[in-house]
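Below, each chain spelled out in residue letters.
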Amino acid sequence: MKELCFTIAGCNHYFGNEFMEKGMKVKLVKEPDNAFDKEAIQVKIKGLGKCGYVANSLHTVKGESMSAGRLYDKLGDRAKGKIVFVIDGGAICKITDTGLGNKHR
């Protein structure tokens, strides 16, 4: 299967991205009740909580990353990822566990 990558966006609304490092693990949690985006996927880091969202706009998706809309149906309710690059205002990550086997967790 092709590697699934995404961009973390909106970090400046939470903790910024200065603390982010290559190899850091992240959790992805679908947020279907989000008033602004029905395909919203929040990004969490252990010990901090929500640190941003999977980018879902032409203006925030970087490089060949997938938008939240393109990723949404490929992930369970919860998934895992790892930071590959820290970029200005966010990070590029790859999916390490789609979470499809744990929809009811």
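Residues numbered from 1 in each chain as written. Predicted model: local features only at pLDDT ≥ 70, side-chain atom pairs only at ≥ 80, totals over all residues. Heavy atoms only, no water.

A. The arrangement of the overall build of the protein chain in detail. Tallying secondary structure elements over the protein chain gives one helix and six strands in all. The linear arrangement of helices and strands in the protein chain, starting from the amino end, is β-β-β-β-α-β-β. Computed over C-alpha atoms, the radius of gyration of the protein chain comes to 12 Å, within 12% of the 13 Å expected from 2.2 N^0.38 for 105 residues, which places it in the range of a compact globule. Taking the principal axes of its C-alpha atoms as reference, the protein chain extends roughly 35 × 30 × 30 Å. (Helix = DSSP H or I, 4+ residues; strand = E, 2+ residues; numbered from the N terminus. Rg over C-alpha atoms; globule rule 2.2 N^0.38 Å.)

B. Representation of a nonpolar patch on the surface. Taken together, Tyr14, Phe15 and Leu48 make up a surface patch of nonpolar side chains, about 260 Å² in accessible area. Relative to the elements of secondary structure, phenylalanine 15 occurs in the loop between strand 1 (5-9) and strand 2 (25-30). (Patch = residues over 30% accessible without salt bridge, like charges linked within 9 Å, V, L, I, M, F, W, Y side chains within 5 Å. Areas by Shrake-Rupley, 256 points an atom, 1.4 Å probe, with all protein chains shown as cover. Salt bridge = Lys/Arg side-chain N within 4 Å of Asp/Glu carboxyl O.)

C. Region of the structure containing the nonpolar core. Membership of the largest hydrophobic core comes to 22 residues, with the highest contact counts inside it found for Phe6, Ile8 and Leu71. When contributions to this core are tallied by element, the ones reaching two or more residues are strand 1, strand 2, strand 3 (41-45), strand 4 (49-54), helix 1 (68-71), strand 5 (78-87) and strand 6 (90-97). With residues up to four places along the chain from it excluded, the contact list for leucine 71 reads Leu4, Phe6, Ile41, Val54, Met66 and Ile95. (Core = buried A, V, L, I, M, F, W, Y, C linked by side-chain atoms within 4.5 Å. Buried < 20%, exposed > 50% of the residue type's maximum accessible area, 1.4 Å probe, protein only. Contact = heavy atoms within 4.5 Å.)

D. Seen up close, the packing of aromatic side chains. In this structure the tally under the stated criterion is zero aromatic pairs. When the ring centre of tyrosine 72 is taken as reference, the NZ or CZ atom of lysine 30 above it lies at 4.2 Å. (Phe/Tyr/Trp six-rings, centres within 6.5 Å; stacked < 30°, edge-to-face > 60°. Lys NZ or Arg CZ within 6 Å of the ring centre and 35° of its normal.)

E. Structural context of the confidence of the model for the protein chain. Put simply, the protein chain has an average pLDDT of 92, and 95% of its residues get 70 or more. Highest mean pLDDT in the protein chain belongs to strand 2 (98); lowest belongs to helix 1 (95). (pLDDT = per-residue confidence, 0-100.)

F. Structural context of the pairing of strand 2. Taken together, the five bridges between strand 2 and strand 5 define a ladder with antiparallel strand orientation. Bridge pairing links lysine 25 to lysine 82 in strand 5. Here strand 2 runs beside strand 3; their pairing, made up of four bridges, is antiparallel. Bridge assignment links lysine 27 to a residue of strand 3, and that residue is lysine 44. (Pairing = 2+ DSSP bridges.)

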